[in-house]
Amino acid sequence: MNDYLDLDILWKVLVTGLAGGAGLVAVYALGLAGLSAAAGRRPGGHRLPGLLLAGTCFLIVAAGVGMGLYLMLSR
Amino acid sequence: MYTGSLLLSVVVTTALAFAFTNGFHDTANAMATSIVTGALRPHSAVALAAILNFLGAFLSLQVAATIAQGIVDAGAITLTVIFAGLVGGMVWNLVTWYLGMPTSSSHALIGGVVGAAFIAAGASAVKGHGLLTKVLIPALLSPLAAGLVAVVGTSLVYLITRNVPERIRDRGFRVGQIGSASLVSLAHGTNDAQTTMGVVTLALIVDHTIGETASTPTWVVMSSAAALALGTYVGGWRIIRTVGKGLTEIRNPQGFSAESASAALILAASHQGFPLSTTQVCCGSIVGAGTGRRPAGVRWGMVARLVALWLITLPAAALVGAAAWLGARLIGGVQGVAVVFVMALIIALELYVAADLKPVNASNVNAVWRSKPEPSSDDTEATPTEGPTS
């Protein structure tokens, strides 16, 4: 690209950073929201969907972290 | 070869001493947020960081011997230049530790080597283009990128969990925070232990103790990792306090989003080979996390002082590096290097004694931060329903 700045790399770093640093963070927060729905007082309320949401979110986060570590090591 | 190996041992000792300062300087990057939010007790936090730093050092051994490559002409690198560069980096690390300011250890080292090479071999030994593209431009961009990611992450976190009861929210973000801080520690160990390994390997190559294409000897890996981890365990409490309480008063959700932003950027950048400073990324993330919740909660005066110190890190370390090289040269030979080494130790001791007059340690690291100008006594409001500020 440019002699002083590899814009291509910069964009990749920024997009990966946003996906991992803000995206996964939001997914984790969504998982907590799921947990709180599951723990709600109302009988029969949102227990199962809440737990499902939380489980899915935490799995996505774990997978993301694993991928991050793998990428760093496979350089 | 007696004097030769003596010189080499002084250089290696200095490199390990530098790694030690690197360690305690950077404890804050990973652990300041967990310490001030109480997610981890101070001693547990530094112990965890030290262990992960040590392990991280063994994860990847590819960088070796690339420090200052493309920035300083390889022909200008002698043992004395490496030594003087290390002294420059170490002394600047100690001065900024005394001031309690998180500055980049790798910039300090590069500054020291550039200064020493400049005075030893002239201006032509320093490659301006390499310095610009590998150090200065990334230094400008990485804290901004980290800040941006953390602002977005923090806003989303507060938005998504605004109706989550405090009990679940606090617990969840504590766990998340410890996890993301651990990732930062691990990545820090991988990146920064390699800096020291690279320097020691370079010294061994320059000294012809090992061949140019040789891989890093195991004892170098072990000792570099141990020096870094030991420094991390000692903990730069002054810096931890500034990072966790001085820039902004960090809370659990912010600590989580800040450390996640740092971890994601450091991992992404090291995968792409984009050279960024862990310290600058972490500070950028923390300021971003502060801004994402409430811009007025950030002590912008403190941020400005920090940025000013970042700007002078390279030239200041270069000055010390140049002075160390001149001193060693004027006295001459191994004696010169030994005298400069002892002088650096004396400076270190004086700074330690000066710091001890107003000590910051595990017991008072979380004390209330008193600053006159900013009206940010936000210890009273902690409502879980608070959304992101516009």
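Residues numbered from 1 in each chain as written. Chains lettered and ligands numbered in written order. Predicted model: local features only at pLDDT ≥ 70, side-chain atom pairs only at ≥ 80, totals over all residues.

1. Describing the overall build of chain B
What counts here: Secondary structure counts use DSSP, requiring at least four H or I residues in a row for a helix and at least two E residues in a row for a strand, with both numbered from the N terminus. Here the radius of gyration uses the C-alpha set of atoms, whereas the globule reference equals 2.2 Å times the residue count to the power 0.38. With C-beta atoms placed from the backbone, a residue is buried if 20 or more other C-beta atoms are within 10 Å of its own, exposed if 12 or fewer are, and partly exposed between those counts. Note on contacts: residues are paired as contacts if their backbone-placed C-beta atoms lie within 7 Å.
Assigned secondary structure in chain B consists of 12 helices and 0 strands. Its C-alpha radius of gyration of 21 Å places chain B within 12% of the 21 Å reference for a compact globule of 390 residues. For the C-alpha atoms alone, the extent of chain B along its principal axes is close to 70 × 40 × 35 Å. Within chain B, the proportion of its 390 residues that are buried is 59%. Restricting to contacts in chain B with at least 6 residues of sequence separation, those with at least 24 account for 90%.

2. Examining the overall build of chain A
The helix and strand inventory of chain A stands at 2 helices and 0 strands. Buried positions account for 36% of the 75 residues belonging to chain A. In chain A, 39% of the contacts between residues at least 6 apart in sequence involve partners at least 24 apart.

3. Notes on unusual backbone geometry
One non-glycine residue with positive phi stands out, namely His208(B), at about 65°. Following the sequence through the fold, His208(B) ends up in the loop between helix H6 (166–206) and helix H7 (218–234).

4. Focus: the confidence of the model for chain B
All names here are of chain B. Going by this rule: One confidence number per residue, pLDDT, is output by the predictor and ranges from 0 to 100.
Here chain B averages 86 in pLDDT, while 92% of its residues score no lower than 70. Between residues 372–390, whose pLDDT stays under 50, and residues either more than four places distant or in other chains, the model counts 23 contacts. Here the complex is predicted with pTM 0.87, and the ipTM for its interfaces comes to 0.89.

5. Some points on the interface of chain A and chain B
Selection criterion: Only Asp, Glu, Lys and Arg are considered charged, only Ala, Val, Leu, Ile, Met, Phe, Trp, Tyr, Cys and Pro nonpolar, and every remaining residue, Gly among them, polar.
With 30 residues of chain A in contact, the opposing surface of chain B contributes 38 residues. Among the elements of the structure, helix H1 (7–38) and helix H2 (47–73) of chain A are those that each provide at least two residues to the side of chain A that touches chain B. In terms of residue count, the dominant contributor to the side of chain A that touches chain B is H1(A) (21 residues). Of the residues contributing to the side of chain A that touches chain B, the split by class is 22 nonpolar, 6 polar and 2 charged.

6. Notes on the packing of H1(A) against H2(A)
Residues and elements named next belong to chain A. Keep this limit in mind: With axes taken as lines fitted to C-alpha atoms, and helix axes fitted only over the stretch in contact, angles between N-to-C directions fall between 0 and 180 degrees. For classification purposes, angles smaller than 35 degrees are called roughly parallel, those larger than 145 roughly antiparallel, those between 65 and 115 roughly perpendicular, and all remaining angles oblique. Crossing handedness: left-handed means the near helix sits turned counterclockwise from the far one by under a right angle, and right-handed means the same turn made clockwise.
One way to put it is that H1 packs onto H2 with a least axis distance of 7 Å and a crossing angle of 155°. If you check the angle between H1 and H2, you find them roughly antiparallel. Handedness of the crossing formed by H1 with H2: left-handed. In contact with Gly 20, Leu 24, Val 27, Tyr 28, Leu 30, Gly 31, Gly 34, Leu 35, Ala 37 and Ala 38 of H1, H2 contributes Arg 47, Gly 50, Leu 51, Leu 53, Ala 54, Cys 57, Phe 58, Ile 60, Val 61, Gly 64 and Gly 68. Broken down by class, the residue content of the contact of H1 with H2 amounts to 14 nonpolar, 6 polar and 1 charged.

7. Some details on the packing of H1(A) against H6(B)
Contact pair H1(A) / H6(B): the axes reach a minimum separation of 10 Å and the direction vectors enclose 145°. Remark: the crossing between H1(A) and H6(B) carries right-handed chirality. Counted together, Tyr28(A), Leu32(A), Leu35(A) and Ser36(A) of H1(A) and Ile168(B), Arg169(B), Gly172(B) and Gly176(B) of H6(B) form the full contact between these two elements. Here the contact of H1(A) with H6(B) is composed, by residue class, of 4 nonpolar, 3 polar and 1 charged.

8. Some details on the environment of Gly85(B)
All names here are of chain B. Secondary-structure assignment places Gly 85 in helix H3 (residues 79–99). For the pair formed by Gly 85 and Ala 323, sequence separation is 238 residues and the distance between their alpha carbons is 9.8 Å. Among all residues touching Gly 85, those that are not within four sequence positions of it are Leu 109, Gly 112, Val 113, Ala 116 and Gly 321.

9. Considering the environment of Ala47(B)
Residue and element names in this part refer to chain B. For Ala 47, the position within the fold is in helix H2 (residues 42–59). You can call Ala 47 partly exposed: it has 17 C-beta atoms within 10 Å. When the C-alpha positions of Ala 47 and Gln 194 are compared, they lie 20 Å apart, and in sequence the two are 147 residues distant.

10. Some points on helix H9 (residues 252–272) of chain B
Residue and element names in this part refer to chain B. Note the following rule: An expected span of 1.5 Å times one less than the residue number is assigned to each helix.
In this model H9 runs 30 Å from its N-terminal to its C-terminal C-alpha over 21 residues, within 8% of the 30 Å that 1.5 Å per residue would give. H9 sits mainly inside the fold: 19 of its 21 residues count as buried. Taken from the residues just after H9, Gly 273 is the one with a positive phi, measuring 75°.

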